[in-house]
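Below, each chain spelled out in residue letters.
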Amino acid sequence: MIRAPWAIPVAALITVFLVFSLPPYLTFDPAQSRVPAGFAFHYPALLTHITFGAVAMVAGFLQVWPWFRRHHRHRHALIGRVYVFGGVLPAAAAGLVVGVTSPFGPVARVSHVLLATLWLVSTVMGYRRARAKDFEAHRVWVVRSYVLTLSTITNRLWGPLVALVLTPGLDTTFGGSEVAMVQAIAGITSWLGWTIPLLAVEWFAHRRGRVAR
């Protein structure tokens, strides 16, 4: 991991997130859900999204970890298929269903739907570029896809900061409505969680391509 100093903190972050986030859903009890139900089949869709999303997090880490890619090329290809077909595709499809009916307001709904759509597109493009043996483009698309995979973590990192900024305005900006404030916090964090990391990837990919040329 020495040549990829980000690998250890990212692996630790994923581990901590899964340890604290998954247990309530391992009981298969809707009452334990941390997201309010938006419709009759909300919990099964949410459970599908979370379960396959966890697979995508772990498999995706192995995909972007340079050491694993260099030393286990055959397993890299195999786990890549797990990431696509056993992780992102079912998780993003379920995410679209959950996102459309998000209880956190229209701003968050638009963000969730766009995120799930871009997650699907970037993953399919990464897979197609690998099949075409265009591995340089494949790497860029997979990094885009994996950044979106991890957006559920970066979303939560923004949450406390946005809440700290907006909470003092509960009685003024939001007229005392906690619902309005919660929706504002959720809407802002849902956008920041994936747009900023994705813009960083685009900047890095552009800079890398410019240097190579």
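Residues numbered from 1 in each chain as written. Predicted model: local features only at pLDDT ≥ 70, side-chain atom pairs only at ≥ 80, totals over all residues. Heavy atoms only, no water.

Draft legend 1. Structural detail: the environment of Y25. Note on placement: Y25 falls in helix α2 (residues 23-26). Of the residues examined, Y25 reaches a relative accessible area of 8% and is grouped as buried. Measuring from C-alpha to C-alpha, the distance between Y25 and A116 comes to 21 Å, with 91 residues separating the pair along the chain. For Y25, the residues in contact, after removing those within four places along its chain, are S33, R34, V35, Y43, L46, L47 and I50. (Helix = DSSP H or I, 4+ residues; strand = E, 2+ residues; numbered from the N terminus. Buried < 20%, exposed > 50% of the residue type's maximum accessible area, 1.4 Å probe, protein only. Contact = heavy atoms within 4.5 Å.)

Draft legend 2. Expanded view of the packing of helix α1 (residues 7-21) against helix α8 (residues 151-166). Relative to each other, α1 and α8 sit at 80°, their axes nearing to 11 Å. Considering their axes alone, α1 and α8 lie roughly perpendicular with respect to each other. Of the residues in α8, those in contact with L13, I14 and F17 of α1 are T152, I153 and R156. A per-class count over the contact of α1 with α8 returns 4 nonpolar, 1 polar and 1 charged. (Axes fitted to C-alpha atoms, helices over the stretch in contact; angles between N-to-C directions. Parallel < 35°, antiparallel > 145°, perpendicular 65-115°, else oblique. Nonpolar A, V, L, I, M, F, W, Y, C, P; charged D, E, K, R; others polar.)

Draft legend 3. How the structure looks around the packing of aromatic side chains. Summed over the entire model, instances satisfying the criterion amount to 6 aromatic pairs. Judged by centre distance (6.3 Å) and plane angle (65°), the ring pair of Y83 and Y146 falls under edge-to-face. With Y83 in helix α5 (residues 73-100) and Y146 in helix α7 (residues 135-149), this residue pair connects regions lying 63 residues apart in the sequence. Assigned by exposure class, Y83 and Y146 land together as buried. Chaining the aromatic ring pairs together yields one cluster made of W6, F61, W65 and W67. When the ring centre of W141 is taken as origin, the NZ or CZ atom of R144, which lies over that ring, is 4.4 Å away. (Phe/Tyr/Trp six-rings, centres within 6.5 Å; stacked < 30°, edge-to-face > 60°. Lys NZ or Arg CZ within 6 Å of the ring centre and 35° of its normal.)

Draft legend 4. A look at the side chain of T189. Relative to the helices and strands, T189 resides in helix α9 (residues 178-212). With a relative accessible area of 4%, T189 lands in the buried category. Side-chain polar atoms of T189 contact the backbone oxygen of A186, separated by 3.2 Å. Apart from residues no more than four positions distant in its own chain, T189 is found in contact with N155, W158, G159 and V162. (Polar contact = N/O pair within 3.5 Å; in protein donor to acceptor, adjacent residues only side chain to side chain.)

Draft legend 5. Inspection of α8 at higher detail. If you check α8, its first and last C-alpha atoms are 21 Å apart, about what 16 residues at 1.5 Å a residue would give, namely 22 Å. By the largest-angle criterion, G159 marks the main kink of α8, which is about 30°, and a proline, P160, follows within four residues. Inspection of α8 places S151, I153, N155, G159, V162 and L166 among the buried residues, and these make up the whole buried set. (Expected span 1.5 Å × (residues − 1). Bend = angle between axes of the 7 residues up to and from the residue.)

Draft legend 6. Spotlight on a nonpolar patch on the surface. On the surface, V16, V19 and F20 cluster together into a nonpolar patch covering about 310 Å² of accessible area. Turning to its location among the elements, V19 is positioned in helix α1. (Patch = residues over 30% accessible without salt bridge, like charges linked within 9 Å, V, L, I, M, F, W, Y side chains within 5 Å. Areas by Shrake-Rupley, 256 points an atom, 1.4 Å probe, with all protein chains shown as cover. Salt bridge = Lys/Arg side-chain N within 4 Å of Asp/Glu carboxyl O.)

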